[in-house]
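Examination of the molecular architecture
Below, each chain spelled out in residue letters.
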Amino acid sequence: MVAMVQFIPQDPKEKESVLAVLREYPELQDFILRASEKAEMIFPDVRITLDTVRHDDWDPPVRMKVHAVDTLDRFEALFSQYTYWLAYDANYPQELISVMPLWAGPRASSR
Amino acid sequence: MMRGRDFLELAHHLESTRTEASHRTQISRAYYAAFLEFRAFCEEFLHHTRSKLPREHAEVAQALAAVDPQLRVDLAFLRLARNDADYELDLDAETIALQAEQARRLATSLIARLDELVSDMENDAADDSSPELANQ
């Protein structure tokens, strides 16, 4: 659990919620660590967060957001590399976790 | 007749309206553009029967996995982004603006991939029914 600490939310309620999911599904820790390592390999500037936000009853119990800083053109290409890995090589347990690679800017300065 | 991709045209049209509400709407329309196009594909090519239930969003994504697992992952991501845009009003305006650009691009890319897929499948079907092949 030590390496996971950096991804755990600060908000006490959300923190407990995430920890409860990780206790219930201990196999998720391995996936989260692999997915975060892969994200760090692919995206040059990345931050990972976990939460337990769900909107539909079939949504998995936890989400992993991958916040990546880059130009949108480069991010778009790297997003495709990352979701290819998720789809084909990651053994991605989609019933337990949703991984969301999100563009965190910067936006073009003028249009 | 209205098609799913028509919602993407609207999302692009809304780009000039740079309000948070517009950005959130763009994300939502981008998702529905892709979802509805893929639903039509699944009905035509994968024997999917429309259930008209909320869970159909998951069913269409799961059906796509048989064709291309990455399509399932990408469509699922877009749905999550749409849910955040519609329901998570605490997300700040700048984050939403970024996600609007990302969602429009991804939906555009997904629909382009779908069109290629349909073209390949139709070409394969035409080859299968070619007289030359039938005579071999």
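Here the structure is a predicted model, which is why all the values come from computation and not from measurement.

Moving on, we come to the overall build of chain A. Within chain A, the secondary structure is distributed over three helices and three strands. Overall, chain A shows an N-to-C arrangement of helices and strands of α-α-β-β-α-β. A globule of 111 residues ought to have a C-alpha radius of gyration of about 13 Å, and chain A, at 14 Å, matches this closely. C-alpha extents for chain A along the principal axes are approximately 45 × 30 × 30 Å. Going through the 111 residues of chain A one by one, you find that 49% of them count as buried. Of the contacts formed within chain A by residues at least 6 apart in sequence, a portion of 64% connects residues at least 24 apart. Summing over all exposed atoms, chain A offers an accessible surface of approximately 5,800 Å²; the carbon and sulfur share of this is 50%. Between the averaged position of the 12 positive side-chain charges in chain A and that of its 18 negative side-chain charges there is a distance of 6 Å.

Attention shifts here to helix 2 (residues 27–42) of chain A. Residues and elements named next belong to chain A. In a regular helix each residue adds 1.5 Å, so 16 residues correspond to 22 Å; helix 2 covers 23 Å between its end C-alpha atoms and thus fits that length. Of the residues making up helix 2, those classed as buried are Leu 28, Gln 29, Phe 31, Ile 32, Ala 35, Ser 36, Ala 39 and Ile 42. Buried residues along helix 2 cover an arc of 165° about the axis, so they all sit on one side. Contact partners of the buried residues in helix 2: helix 1 (12–24), strand 1 (46–51), strand 2 (62–68), helix 3 (72–88) and strand 3 (97–103).

Structurally, B:Thr49 is set in the loop between helix 2 (20–45) and helix 3 (56–65). Separated by ten residues in the primary sequence, B:Thr49 and B:Arg39 place their C-alpha atoms 9.3 Å from one another.

Further remarks concern the side chain of B:Gln26. All names here are of chain B. In this fold, Gln 26 is placed in helix 2. What makes Gln 26 buried here is its relative accessible area of 0%. The contacts of Gln 26, once residues within four sequence positions are left out, are Ala 11, Leu 14, Glu 15, Thr 17, Ala 100 and Arg 104.

Now for a negative patch on the surface. Taken together, the side chains of B:Glu116, B:Asp120, B:Asp124, B:Asp127 and B:Asp128 define an acidic patch exposed on the protein surface. As for its position among the elements, B:Asp128 is in helix 5 (residues 93–128).

Another aspect to go through is the pattern of salt bridges. This structure, assessed with the given rule, holds 21 salt bridges over all chains. For B:Arg113, the salt bridge goes to B:Asp74, with nearest N and O atoms at 2.9 Å. Taken as a pair, B:Arg113 in helix 5 and B:Asp74 in helix 4 (residues 69–87) lie far apart in primary sequence, 39 residues in all. Judged by its relative accessible area of 24%, B:Arg113 falls in the partly exposed class. Salt bridges sharing partners connect three or more residues here, namely A:Asp51, A:Arg63, A:Lys65 and B:Asp84.

Turning next to the interface of chain B and chain A. The interface of chain B with chain A comprises 28 residues on the first partner and 30 residues on the second. Across the chain B-chain A interface, the total number found is eight salt bridges. Here B:Asp84 ties to A:Arg63 by a salt bridge, and the two come within 3.0 Å at their closest N and O atoms. The tally of links between chain B and chain A comes to 15 residue pairs in polar contact (both at pLDDT 80 or more). Looking at the side of chain B that touches chain A, the elements that each hand over two or more residues are helix 3, helix 4 and helix 5 of chain B. Looking at which element gives the most residues to the side of chain B that touches chain A, the answer is helix 4 of chain B, with twelve residues. Partitioning the side of chain B that touches chain A into residue classes produces eleven nonpolar, five polar and twelve charged.

Conventions used here
- Residue numbers here run from 1 along each chain, matching the order of that chain's written sequence.
- Chains and ligands are labelled by the order in which they are written, letters from A for the one and numbers from 1 for the other.
- Confidence filtering applies because this is a predicted model: local features only for residues at pLDDT of at least 70, side-chain atom pairs given and counted only at 80 or more, and all residues used for totals across whole chains, interfaces and linings.
- Where side-chain values are given, they derive from all heavy atoms of the structure, hydrogens and water being excluded.
- Only DSSP runs of H or I with at least four residues qualify as helices, and only runs of E with at least two residues qualify as strands; both kinds are numbered from the N terminus onward.
- For the radius of gyration, the atom set is restricted to C-alpha positions; the globular benchmark scales as 2.2 Å times the number of residues to the power 0.38.
- Exposed residues in this analysis have more than 50% of their type's maximum accessible area, buried residues have under 20%, and partly exposed residues fall in between, with area computed by a 1.4 Å probe over protein chains only.
- Residue contacts are defined here by distance: any two heavy atoms, one from each residue, within 4.5 Å place the two residues in contact.
- Residue burial considers only the protein chains on display, and all accessible areas are found by Shrake-Rupley using a 1.4 Å probe.
- Residues counted as positive are Lys and Arg, residues counted as negative are Asp and Glu, and His and the chain ends are not counted.
- To locate a charge, take atom NZ for lysine, CZ for arginine, CG for aspartate or CD for glutamate.
- Given the number of residues in a helix, its expected span is that number minus one, multiplied by 1.5 Å.
- Read the arc as the range of directions from the helix axis to the C-beta atoms.
- Every patch collects residues that have over 30% relative accessible area and no salt bridge, joining them within 9 Å if they carry like charges and within 5 Å if they are nonpolar side chains (Val, Leu, Ile, Met, Phe, Trp, Tyr).
- Salt bridge criterion: a side-chain nitrogen from Lys or Arg within 4 Å of a carboxyl oxygen from Asp or Glu.
- Pairs of N or O atoms within 3.5 Å make up the polar contacts considered here, provided that, within protein, one atom can donate a hydrogen while the other can accept it, and that residues adjacent in sequence are counted only when both atoms are side-chain atoms.
- The residue classification treats Ala, Val, Leu, Ile, Met, Phe, Trp, Tyr, Cys and Pro as nonpolar and Asp, Glu, Lys and Arg as charged. All others, Gly included, are polar.

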